[in-house]
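Given next are the chains, with one letter for each unit.
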Protein chains: 2
Amino acid sequence: MSTADVVLARCGELDAISASPTWLERTHLTPEHRQANALAGRWMKAAGLHVWQDAAGNICGRREGSSPGMPALLLGSHLDTVPDAGSFDGMLGVLMAIAVAERLQHVTLPFALEVIGFSDEEGARFGKALLGSQAVAGTWDEAWWDLRDRDDVTLHQAFLEFGLDPRRVGDAARRPDELVGYLEAHIEQGPYLEAADASLGHVTTIAGARRFRLSVTGEARHAGGTPYERRRDALLGAAEMIVAVERLARAAGTIATVGRIEVQPGAVNVIAGRADLSLDLRAATDPERDRSWDEIEQELRAICVRRDLRLDLVETHRAPAAPCAAWLSEAVVAGIRTTGDDHPMGLWSRAGHDAMAIAAITGIGMLFLRCHDGISHHPDESVREVDVARGLDAFEQAVLEVARRYDEARP
Amino acid sequence: MSTADVVLARCGELDAISASPTWLERTHLTPEHRQANALAGRWMKAAGLHVWQDAAGNICGRREGSSPGMPALLLGSHLDTVPDAGSFDGMLGVLMAIAVAERLQHVTLPFALEVIGFSDEEGARFGKALLGSQAVAGTWDEAWWDLRDRDDVTLHQAFLEFGLDPRRVGDAARRPDELVGYLEAHIEQGPYLEAADASLGHVTTIAGARRFRLSVTGEARHAGGTPYERRRDALLGAAEMIVAVERLARAAGTIATVGRIEVQPGAVNVIAGRADLSLDLRAATDPERDRSWDEIEQELRAICVRRDLRLDLVETHRAPAAPCAAWLSEAVVAGIRTTGDDHPMGLWSRAGHDAMAIAAITGIGMLFLRCHDGISHHPDESVREVDVARGLDAFEQAVLEVARRYDEARP
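Residues numbered from 1 in each chain as written. Chains lettered and ligands numbered in written order. Predicted model: local features only at pLDDT ≥ 70, side-chain atom pairs only at ≥ 80, totals over all residues. Heavy atoms only, no water.

### Remarks on the environment of Phe 118 of chain A
Residues and elements named next belong to chain A.
- By secondary structure assignment, the location of Phe 118 is in strand 4 (residues 112-118).
- By relative accessible area, Phe 118 is classed as buried at 0%.
- Remark: the alpha-carbon pair of Phe 118 and Leu 392, spanning 274 residues in sequence, is separated by 20 Å.
- Excluding residues that lie within four positions of it along the chain, Phe 118 makes contacts with Asn 58, Ser 77, His 78, Leu 79, Asp 80, Gly 132, Ser 133, Val 136, Tyr 182, Asp 354 and Ile 358. (Helix = DSSP H or I, 4+ residues; strand = E, 2+ residues; numbered from the N terminus. Buried < 20%, exposed > 50% of the residue type's maximum accessible area, 1.4 Å probe, protein only. Contact = heavy atoms within 4.5 Å.)

Rendered as structure tokens:
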């Protein structure tokens, strides 16, 4: 079996670890998280790595460099998924990192090599993304302990139930001087590589996202007896807002998505008294994104004034755009070139990645793999075996290129 | 304590029987349904009625007329509620019926008097309204057994779990020759009596409603990576539909409400692949309502074509407008007159009622009580004690007026 086949077979093994019998769903601090960590840990050990679970629930493996205790080059991605997920978003990057560590296990490197499977990138359970990588970056916010999942379980409780000590989450944080840099392989989650007929690409920058929770409050009333002029229909207000968000984002050249809505009381013959929705906003640059949000917010408020609804807005996530480090991008480009592509395509990532959080403490570089039709966050997510094979070669060579440059740069 | 005080205190007692600790929710075939039936049954017994639960879970009480086995005048309403309900919609009518039966317990009537607390009027659990009264009307549809609640429990399973035999649901059906007529007291659930400064009103006709379940299917995809031109966002389609429904219904002079929406997968960073929503449509007459639906359906289909979404439509409920029987309305009017209102207001009911279903087997008459600000299906639902007192007097006198007219009409 080729390394690519092994990686794809392991993606299939992880598929079986799901909270749902009918779809793939593996979220933060659940029994499925524990099982996925155990399985990834076994593969890391087989790749010759020393394995541990850190204080934030990330699964980590390390091999020393030419001497013990050297700074580490981190390779990683995440093991959590959205509900009804595909098999590759996150997992593929972790398994490629493990496979590359295994391939290089008898090569002496001028740094330690670490592989990390982040515990939470999607934010599907607590509505807050990048919890695993932010713990590693040391950018943890104490306010997050009160975040609640749909069953009203706080992040604090979930840590305890998982067997983690919330007071020790700081132990997961890494210092910049311990790190050489961070490389992540990931499916593109967009259609651009496929359109260019390319297997691989390098990321120039990761778009910053802002996320909001919007609560629209009107008044629940009888659906039959209440004339239109007396209605304060929260769902109608929310619907008008969702339509306006699309119109304004398209006009601004940004990407905004409302993916979640819940209404109360949610009965066929009762006007909705309350609607809660999520908004996710991305753009190539932070100023474009923030300008677009200002326009959207103004319009949402105007809709609520017209309909006599109350609007409560909470920003649940804000990540600045994260440009990749030039020397690491060059290493990724050099790696792609060894696979026969002389002009590797550079593209900006519309999706967020763990690398965004890690950019706070070290340089980042990212390798994108083509996926079919840009489909992601969906069971039809797919990658070709040939692209995984090229990706593994490119990723391995990128690590060796980082080693060369790191060696050259040392005094 | 006045009879009105007793009735209001009993409304308060029923409030305690709820599936939720924070709001009132009592739906079909639940433990709360069983408790409410038991309590109402005790009150019926105290009013001198012979009590039984019928084959559809309705709680029934009967006293014979001047000789045993005579046809019955039915008085009733329902004991189930929407989620986060008020205390009076349905329950008030049942408790007023029990109180009137108690007041009349030593008066000899030319018919039997029956009180019925219907098991399901709102349709909150299975999305299908009037299940209790349709069983009594003998208009049960075998297809309903497959209706499912949110936990995927079928109506068939729920019957069994409640201790009812689905094969015997026909035993709940009444024959027209067993019945004299049906009278129901109910809060108005609209603002018209209050605006006219009237305690009571009589219903001329009950608007027919149609209800639909709409399923919009698009494609779940990554919220960041998917350009607008490749999106098939089910929630955006649904939002556009909700806005269009309001616009078209207002223009047609009908009332349409989308009270429920659920999206899949429902994650902050995933485009919705599917949205399921309810639509409730009412109008003064059936032709107006059906014309309005045809316009709405055409527009919903056009939206889905434009957005490359699939639309599945299921009609879950259709009730024709139910005019009240002239002689029973006249009895209700006569009853209201005895309370000092010489010109009782007549109005059409925008809301559906059990009386609609019962109209299939006997004449119906309805007494409306003023409620504050038209608020219903909401904890702020309220009635004044004085209106309940007048309502009880009017309802009692209406029964006596029915008796007089029934006596006169007999050969």
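### Regarding the relation of the copies chain A and chain B
- Mapping chain A onto chain B calls for a screw motion: a turn of 180° about the axis and a shift of 0.0 Å along it, with 0.1 Å RMSD after fitting. Each copy turns onto its partner about a two-fold axis. Closest approach to the rotation axis among the C-alpha atoms of chain A is made by Ala 239 of chain A, whose C-alpha sits 2.1 Å away.
- The fraction of interface residues of chain A whose copies in chain B are also interface residues reaches 100%, indicating that both copies meet through the same surface. (Least-squares fit on C-alpha atoms with pLDDT ≥ 70 in both.)

### What to know about the packing of aromatic side chains
All names here are of chain A.
- Inspection of the entire model under this criterion finds 14 aromatic pairs over all chains.
- An aromatic cluster of three or more residues is present, and its members are Trp 140, Trp 144, Trp 145 and Phe 159.
- Over the face of the ring belonging to Tyr 228 we find Arg 231, whose NZ or CZ atom lies 4.9 Å from the ring centre. (Phe/Tyr/Trp six-rings, centres within 6.5 Å; stacked < 30°, edge-to-face > 60°. Lys NZ or Arg CZ within 6 Å of the ring centre and 35° of its normal.)

### Observations concerning the confidence of the model for chain A
- The share of residues in chain A with pLDDT of 70 or more is 100%, and the mean pLDDT across the chain is 95.
- For this predicted complex, the interface confidence score (ipTM) comes to 0.73, while the overall pTM stands at 0.72. (pLDDT = per-residue confidence, 0-100.)

### Considerations on helix 5 (residues 155-162) of chain A
All names here are of chain A.
- Among the residues of helix 5, Leu 155, Ala 158, Phe 159 and Phe 162 are the ones counted as buried. Looking straight down helix 5, one finds that the buried residues subtend no more than 105° of arc, so they occupy a single side.
- For helix 5, the secondary structure elements touched by its buried residues are helix 2 (31-46), strand 1 (50-53) and helix 4 (131-137).
- Downstream of helix 5 by a residue or two, Gly 163 has a phi angle that is positive, lying close to 95°. (Arc of directions from axis to C-beta.)

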